[in-house]
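# Observations on the model geometry
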Amino acid sequence: MTLKPLTHLAIRLGLIFSVLLSTASFAEQAADNEQIFIDAEKQSMDLVNNKLTFYGNVQISQGHLQLNADKLEVQRNKGNQSEKLIASGNPVTFNHQLKDGIQIKAHAQQMHYNLTTQVLVLIGQAQINQADSMINGDRIEYDVAKRQLIASSDKASESRVRVVLTPVAKEK
């Protein structure tokens, strides 16, 4: 494997965050042509195992979209059939301001995204906030293609899924 496929993989990272944006807002996506900035204290490439890893205060931004993690791993299987992103942190945070000014925020101990299945999973104290509404649980799984969300909590933690919805004010 040459350096070019891993570089391509890093570029596709930005497209994944566009998907993350559509996941959080259920509507809007970042412009694919905006530059992607990845800052970290350290980066490593494993050409044999097709893995690109960023360590230490990882900051990814594209336009009004921002993701912060302690570690970000981009994996591609040997047959180049599947790509995964795994962000971990204490917590991993995601912020995006939509065109209408609404702020989307999410956080979890880990965020996994599989390009092949188009499934985003937030694990560990997972929470998504949009405007005055919120969903939290131990795990939030969102199928981007099907636009289906499942929030769950671990029985061992004895916590429950919580959803807070704020009604839209009626105009007089």
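Below you will find a few notes about this structure. Only a predicted model underlies this, so the values are computations on that prediction, with no experimental measurement involved.

## Let's talk about the overall build of the protein chain
Helix and strand content of the protein chain: one helix and 10 strands. Counting from the amino terminus, helix and strand elements in the protein chain follow one another as α-β-β-β-β-β-β-β-β-β-β. Sorting the 172 residues of the protein chain into buried and exposed places 35% on the buried side. Taking contacts inside the protein chain between residues at least 6 apart in sequence as the whole, the part at least 24 apart equals 41%.

## A look at the nonpolar core
Counting residues in each nonpolar core, the largest one holds 27 residues, and the members touching the most others are Leu-67, Leu-72, Ala-87, Phe-94, Met-111 and Leu-122. Mapped by element, the contributors of at least two residues to this core are strand E3 (51-62), strand E4 (65-76), strand E5 (83-97), strand E6 (103-114), strand E7 (119-130) and strand E8 (133-143).

## Quick look at the pairing of E7
Pairing of E6 with E7 involves nine bridges; the strand directions are antiparallel. Across the sheet, the residue bridging to Asn-114 is Val-119, located in E7. Hairpin connection between E6 and E7: a loop of four residues separates the two successive antiparallel strands, and Gln-118 in this loop has a positive phi of roughly 55 degrees. Here E7 runs beside E8; their pairing, made up of 10 bridges, is antiparallel. Each residue of the ladder has a partner; that of Leu-120, found in E8, is Tyr-142.

## A word on the environment of Asn-77
Assignment of secondary structure puts Asn-77 in the loop between E4 and E5. On the accessibility criterion, Asn-77 (34% relative accessible area) is partly exposed. Distance from Asn-77 to Lys-51, taken between C-alpha atoms, is 8.7 Å for residues 26 residues apart in sequence.

How each quantity is defined
Residues numbered from 1 in each chain as written. Predicted model: local features only at pLDDT ≥ 70, side-chain atom pairs only at ≥ 80, totals over all residues. Heavy atoms only, no water. Helix = DSSP H or I, 4+ residues; strand = E, 2+ residues; numbered from the N terminus. Buried < 20%, exposed > 50% of the residue type's maximum accessible area, 1.4 Å probe, protein only. Contact = heavy atoms within 4.5 Å. Core = buried A, V, L, I, M, F, W, Y, C linked by side-chain atoms within 4.5 Å. Pairing = 2+ DSSP bridges.

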